[in-house]
Amino acid sequence: MKKKIAILPGDGIGPEIIREAVKVLKAVEKSSGAGFEFREGIIGAVAIDKCGDPYPPETHKLCISSDAVLFGAVGDPKYDNNPAAKIRPEQGLLRMRKELGLYANIRPVELFWGQYNRSPLKEEVVRNTDMVIVRELTGGIYFGEPRGRSDDRQEAFDTCRYTTGEILRISEKTFNLAEKRRGVVTLVDKANVLETSRLWREVVTRLHKDKYSHLILDYLYVDNAAMKIVTNPSAFDVILTENMFGDILSDLASVLTGSVGLLASASCGTGVSLYEPVHGSYPQAAGLDKANPLATILSAAMMLDDSFGMHRESNLIRNACRAIIEKGIVTEDLSDGKDYFTTSEVGDAVAKQIIELVKNIKPLSCPEVG
Ligand code: IPM
Ligand code: MG
């Protein structure tokens with residue numbers, strides 16, 4: 001049975017980077033028994049332009065009838081400086097998260113092969129960084145009601161709300177993930193100020209005591225966590241945090257390694273899961289064939305692993321990415337500034353490398369003939 005993949009390129013560089021990921025998945029099909037069916041949908045500014053809705057019902061239907069969603073990015077500068085715009089591309093992403101029940105955003109932050117020298121931090125600080133940020137994605141101040149303006153529009157308000165149930169389900173996921181890693185969960189909150197943070201502490205502490213006491217749980221206030229992520233990133237294993245803190249800290253953490261163009265992410269929850277690069281829509285580079293497609297290609301690898309259990313194929317993609325980085329077939333952001341390649345050349349190279357890698361797989365011992 002072919003795996004159905006909803007392809008949502010979105011805005012900015014989205015279409016270019018997604019195209020390369022699809023190219024790579026086609027190479028995986030050619031070199032393994034895997035079969036994929038790609039079905040494209042619209043989201044974000046592109047969807048507003050086409051039908052006035054950043055997450056049209058057809059796109060939602062496409063997602064829920066798929067085995068996984070591969071997503072590029074949303075956002076368009078024409079909305080950024082217009083706070084009065086009633087319909088915005090980002091609403092498409094937020095509605096998609098909510099309607100697909102994607103309550104857990106998983107963002108691994110790791111140093112890629114030989115990329116130490118790209119970090120803005122000293123090598124001895126960044127070396128051994130290997131953390132995962134688990135961000136709650138469908139609650140908190142992003143979605144809490146009431147929100148709005150006073151009648152005279154001179155006052156604005158948003159509401160941060162969490163229920164015990166919302167905290168429990170993501171905490172379960174986080175502890176399960178930590179069990180497969182170094183076993184340390186850091187809950188990041190602002191429990192010295194916020195009532196919602198105190199509920200998080202209560203719920204997470206109880207769950208830890210009842211079910212996961214073989215793991216280590218510690219706590220940090222978000223401001224302190226921001227300092228530690230920069231000064232001692234390798235101290236973290238799994239960070240668990242609410243929506244807004246997770247948004248900010250995951251961007252902070254993503255630049256530590258100096259290779260944000262390589263970072264993949266997954267959002268999962270009650271149904272189909274979604275995979276996307278951590279970087280955004282990078283509108284300045286849109287259409288220029290210069291954006292790094294590797295984060296999207298590695299997001300596709302994450303999809304094969306997590307949603308389809310295709311570990312061999314996923315490793316094939318990762319190994320191919322590693323090989324082309326080692327050969328110096330990279331876009332400008334990972335280059336020495338002199339020799340670099342286009343988005344499509346990098347995608348071509350990964351696809352070709354996959355075919356090569358498979359060709360070279362031979363049994364170590366061949367029985368004698370004759
Ligand atoms: C992210 C983005 C989104 C968010 C925006 C585009 C709405 O920054 O995925 O981190 O704030 O969640
Ligand atoms: Mg963000």
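Description of the structure in this document. One numbering rule holds for all chains: residues counted from 1, following each sequence as written. Key to labels: chains lettered from A, ligands numbered from 1, both in the order written. In view of the model being predicted, local features appear only for residues whose pLDDT reaches at least 70, and side-chain atom pairs are presented and counted only at 80 or more, with totals across whole chains, interfaces and linings using the full set of residues. By convention in this description, side-chain values take in all heavy atoms of the structure and omit both hydrogens and water.

1. Brief notes about the site of ligand 1
Any residue with at least one heavy atom within 4 Å of a molecule or strand is counted as near it. If you check the shell around ligand 1, you find E90, L93, R97, R107, R135, Y142 and D247 and nothing else. Here a polar contact is recorded for every N or O atom pair within 3.5 Å, except that within protein the pair must consist of a potential hydrogen donor and a potential acceptor, and residues adjacent in sequence are included only if both atoms are side-chain atoms. Take Y142: an N or O atom from its side chain is 2.5 Å from an oxygen atom of ligand 1. Summarising the interface, the protein chains cover 76% of the accessible area of ligand 1, which totals 320 Å² for the free molecule. Because more than half of its atoms lie within 2 Å of the grid, ligand 1 is assigned to the largest pocket. Using a 1.4 Å probe, the Shrake-Rupley method yields the accessible areas, and only the shown protein chains count as cover for residues. For cavity detection a 1 Å grid was placed over the protein atoms alone, and a set of points counts as a cavity when a 1.4 Å probe fits there but cannot get out; an open set counts as a pocket when protein lies on both sides within 12 Å along at least five of seven lines, with lining residues being those that have an atom within 4 Å of a point. Cavity and pocket membership follows a simple rule, namely that a molecule belongs there if more than half of its atoms are within 2 Å of the grid points.

2. Thoughts on the side chain of T296
In this text, helices come from DSSP runs of H or I with a minimum length of four residues, and strands from runs of E with a minimum of two, each type numbered from the N-terminal end. If you trace the backbone, T296 turns up in helix 11 (residues 294–306). Accessible area is worked out with a 1.4 Å probe on protein chains only. A residue is then buried under 20% of its type maximum, exposed over 50%, and partly exposed in between. Relative accessible area serves as the criterion here: at 0%, T296 is assigned to the buried category. Residue contacts are counted whenever heavy atoms from the two residues lie within 4.5 Å of one another. When neighbours within four sequence positions are excluded, T296 is seen to be in contact with I17, I18, A21, L70, P277 and H279.

3. As for the pairing of strand 5 (residues 130–136)
Summarising burial for strand 5: 6 of the 7 residues are buried, a large majority. Any two strands with at least two DSSP bridges between them are considered paired. Judged from the 4 bridges that link them, strand 5 and strand 10 (residues 238–241) form a sheet pairing that is parallel. Looking at strand 10, one finds that V132 is bridged to V238.

4. A look at the sheet that holds strand 9 (residues 216–221)
Read across the open sheet, the 10 strands follow the order 2-1-3-12-11-4-5-10-8-9; overall the sheet is mixed. Looking at strand neighbours, the two that pair on one side only are strand 2 (36–40) and strand 9, the edges of this open sheet. The average angle at which neighbouring strand axes cross in this sheet is 25 degrees, direction not considered. Two elements, strand 3 (residues 68–73) and strand 12 (residues 274–277), share 2 bridges in a ladder whose sense is parallel. Within strand 12, the position partnered with V69 by the bridge is L274. Lying on the sheet, helix 3 (residues 57–64) is in contact with strand 1 (3–10), strand 2 and strand 3; it crosses strand 1 at an angle near 145 degrees. As a rule, the C-alpha atoms of each element are fitted with a line to give its axis, helices using only the stretch in contact, and angles between N-to-C directions run from 0 to 180 degrees.

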